[in-house]
Amino acid sequence: MSPQPTNRPATSYDDGATRRTLKVPRLRRRRGQLELTRGQSVLQGVVLGIGAIVFLFPFYYMLIGSLQKSPDTSIAGAFPNPANLTGSNYATINSGINLFTGLLNSGIFTGGVVLCTVVFGVLVGYALAVLQWRGRGVTFGLALLVQIVPFQLLTIPLYVLIARDYGLADNYLGMILPFAINSTAVIIFRQYFLQVPRELFDAARIDGAGEVKLLLRIALPLVRPALVTVILITFIGPWNEFLWPFLITKNASMQPLAVSLANYISNVANSTANPFGAILAGAVVLAAPVVLIFIAFQRYFISTDIGAAVKG
Amino acid sequence: MSKLSVSPRAGAAPVPPAGGGTHPKPRRALKLRVFGRNPIGWILSAPYLVFVLAIFAYPIGYAVYMSFFDYFFAAPGAQVDRPFIGLQNYVQLFSDPAVLQSFANVGVFLLINVPLTVVLSLLLATALNSVVRFATFFRVSFYVPYVTASVAVVGVWLFLFSGSGLVNHLLGPLAPSPSWLISSAWAMPTIALFVTWKQLGFYILLYLAALQNVPKELYESAATDGAGKIRSFFSITVPSVRPATVLVLLLSTVVGANLFTEPYLLTGGGGPNGASTSPVLIMYQQGIEQGHPGYASAIGIVLVIGVLIVAFIQNRFAGGKKS
């Protein structure tokens, strides 16, 4: 469909870094919209600056609030006051919900989903991009269709099937199953495999390589960036998922952290001395892994693949 | 290269050296017709296709089936009578004030969330598209809420928007009473605001991708004709990113219809007086807490049909023929 990204996802946005090292003035002139008057670029800075504050402040406030001995909601409370700082909220939340178990469950759930996503995604993406077989078009159509099936329609029947009929409530398999296939990943892998020159495959076939060997030895190493992208953009889904694990885990020792924290917010928090402190401490523990990984690998998240995959 | 061999579906791919000669063996021809040139494609895709059938196609059919029955839970394997009741679940749904209110609430949500999402994400994406310094910093900060768990950021919003929270401290006498999340007038708008903030980064990204594809020559010729920045924004940028706008409309509508976590946690399960219930929340209460999955399925089907209608209307008015 639309022109697909190269296998260096970050470049198309990376004006800042790459263009500056090139001859900037000429490029700037060509890119019409970069010629801003002084007033316009001040306005642009103000808009973006306000945006950044609005987006980042709650995270800053989360951290501050999680460290306050007593909740300080005055304006001064937004600035750290050494006299009011403590780590005890983290101890409180850890006695209310077992943070380690929650993190472990989140990790197992997320790991299982990512593993299934990558294995199925690679196999189907390769078959769709490289092989000629009957039903290829139908399969690709299905992958596009599955993306627009709304989960709310599936919630109840999946609950009946998985929790009641198959008896997989409070079970990792039951948590993972509905997310085991991910059509976005299929489409991303297909786009990457399409860019591998066909001659490589043909040459290897002449040398007698089978399709599985071709996939593992030639295709997969060439699309390593796609692997990283898919792993990074699919792991945030199960890590942050609430509704499904909430439905099928009643046993606290099986709940991912998002579920146990949510139960803490709605049931337990009000009976503690500093409910917001404890909630925010839990929120920091839940948010920190994703936010840190996101910042470290941000160029993979902010690639055109995501847009391309959603557009199909 | 375009010499097509036996199979009419052989496509433009180079003909592999083995088969496809002038005299294909009959057995191979049959195989080609049934499976295509590389039957292994079937084998590689089989697990995926099985999963699509098992966890998408079958549950959808099952939802439709259940919605026509007085379905209830029983011990696995037990023989129970679940009578066919025709459209009774659907009739009940349209006369249930709680369900009707939840649909109205989604309407309020969409009226606030969708326009706000489109305007803010296009505005921020446009500003971001021409920024030279700190571009990465801004992109990261806009995208951070999107990658973070709703449950985690809900905690901060509860803190910020509570009766004596920071927002009310800043507003002083302007603070609404009763406060945001416990006021039946403000609960749903506050949730809509939360979701807009949470999801905006993703839509900014979609618009950024679309803006990269707008030909620069259009802006140049507009500038030559004397158009200012604002004029060229409305005459060039807005029409050029129309396909992205259609997508943003569709996705934000789907997100709105899926609303569950936010009313469940921000307003303690849809309060006050049901002012912030959502259909998915009612589905959860009816289907799982109260054991009427047939009724809950009917609500889900009506909800999905509603989304399809809204999406169709949006596409009709925003889509046009250009893409």
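The rules behind each value
Residues numbered from 1 in each chain as written. Chains lettered and ligands numbered in written order. Predicted model: local features only at pLDDT ≥ 70, side-chain atom pairs only at ≥ 80, totals over all residues. Heavy atoms only, no water. Contact = heavy atoms within 4.5 Å. Buried area = accessible area lost by both parts, 1.4 Å probe. Salt bridge = Lys/Arg side-chain N within 4 Å of Asp/Glu carboxyl O. Polar contact = N/O pair within 3.5 Å; in protein donor to acceptor, adjacent residues only side chain to side chain. Helix = DSSP H or I, 4+ residues; strand = E, 2+ residues; numbered from the N terminus. Expected span 1.5 Å × (residues − 1). Bend = angle between axes of the 7 residues up to and from the residue. Buried < 20%, exposed > 50% of the residue type's maximum accessible area, 1.4 Å probe, protein only. Phe/Tyr/Trp six-rings, centres within 6.5 Å; stacked < 30°, edge-to-face > 60°. pLDDT = per-residue confidence, 0-100.

A.B. asks: Could you clarify how one ought to interpret the interface of chain A and chain B in this entry?
C.D. replies: Size of an interface: often given as the accessible area lost when the parts come together. At the interface, 101 residues of chain A touch 101 residues of chain B. Roughly 9,600 Å² of surface becomes buried between chain A and chain B when both sides are summed, with 76% attributable to carbon and sulfur atoms. Counting across the chain A and chain B interface gives zero salt bridges. There are nine residue pairs in polar contact (both at pLDDT 80 or more) connecting chain A and chain B. Here the element with the most residues in the side of chain A that touches chain B is helix H3 (residues 38–66) of chain A; it accounts for 16 residues.

A.B. asks: Even after reading the chapter, I still don't get helix H8 (residues 187–212) of chain B, so can you show me in this structure?
C.D. replies: Along an α-helix, residues three or four positions apart point the same way, because every turn accommodates 3.6 residues. In this model, H8(B) (26 residues) spans 38 Å end to end at C-alpha, consistent with the 38 Å of a helix rising 1.5 Å per residue. Of all the bends in H8(B), the largest measures some 45° and sits at B:Leu200.

A.B. asks: I would appreciate a short explanation of unusual backbone geometry in the present structure.
C.D. replies: Phi is positive for A:Asp170, which is not a glycine, with a value near 55°. As for its position among the elements, A:Asp170 is in the loop between helix H7 (151–165) and helix H8 (172–176). We classify A:Asp170 as partly exposed; its relative accessible area is 27%. The phi dihedral of B:Asn273 falls on the positive side, at around 50°, and the residue is not glycine.

A.B. asks: Sorry if this is basic, but what is going on with the packing of aromatic side chains here?
C.D. replies: Each aromatic ring pair is described using two quantities: the centre-to-centre distance and the angle formed by the ring planes. Residues and elements named next belong to chain A. Under the definition given, this model contains 40 aromatic pairs over all chains. Arranged with centres 6.0 Å apart and planes meeting at 45°, the rings of Phe57 and Tyr60 form a pair that is tilted. Of this pair, Phe57 and Tyr60 both sit in helix H3, three residues apart, which is roughly one turn of the helix. For Phe57, a relative accessible area of 26% translates into the label partly exposed.

A.B. asks: Whenever I open this one, the side chain of B:Ser150 confuses me. Can you help?
C.D. replies: Relative to the helices and strands, B:Ser150 is located in helix H6 (residues 150–160). Here B:Ser150 falls in the buried class, since its relative accessible area comes to 13%.

A.B. asks: I keep staring at the confidence of the model for chain A and nothing clicks. Help me out?
C.D. replies: Predicted coordinates in regions of low pLDDT should not be interpreted in detail. In the predicted model, chain A carries a mean pLDDT of 82, and the fraction of residues at 70 or more is 85%. Below a pLDDT of 50 lies the segment residues 1–33 of chain A, which in the model reaches 56 contacts outside its immediate sequence neighbourhood of four places, other chains included.

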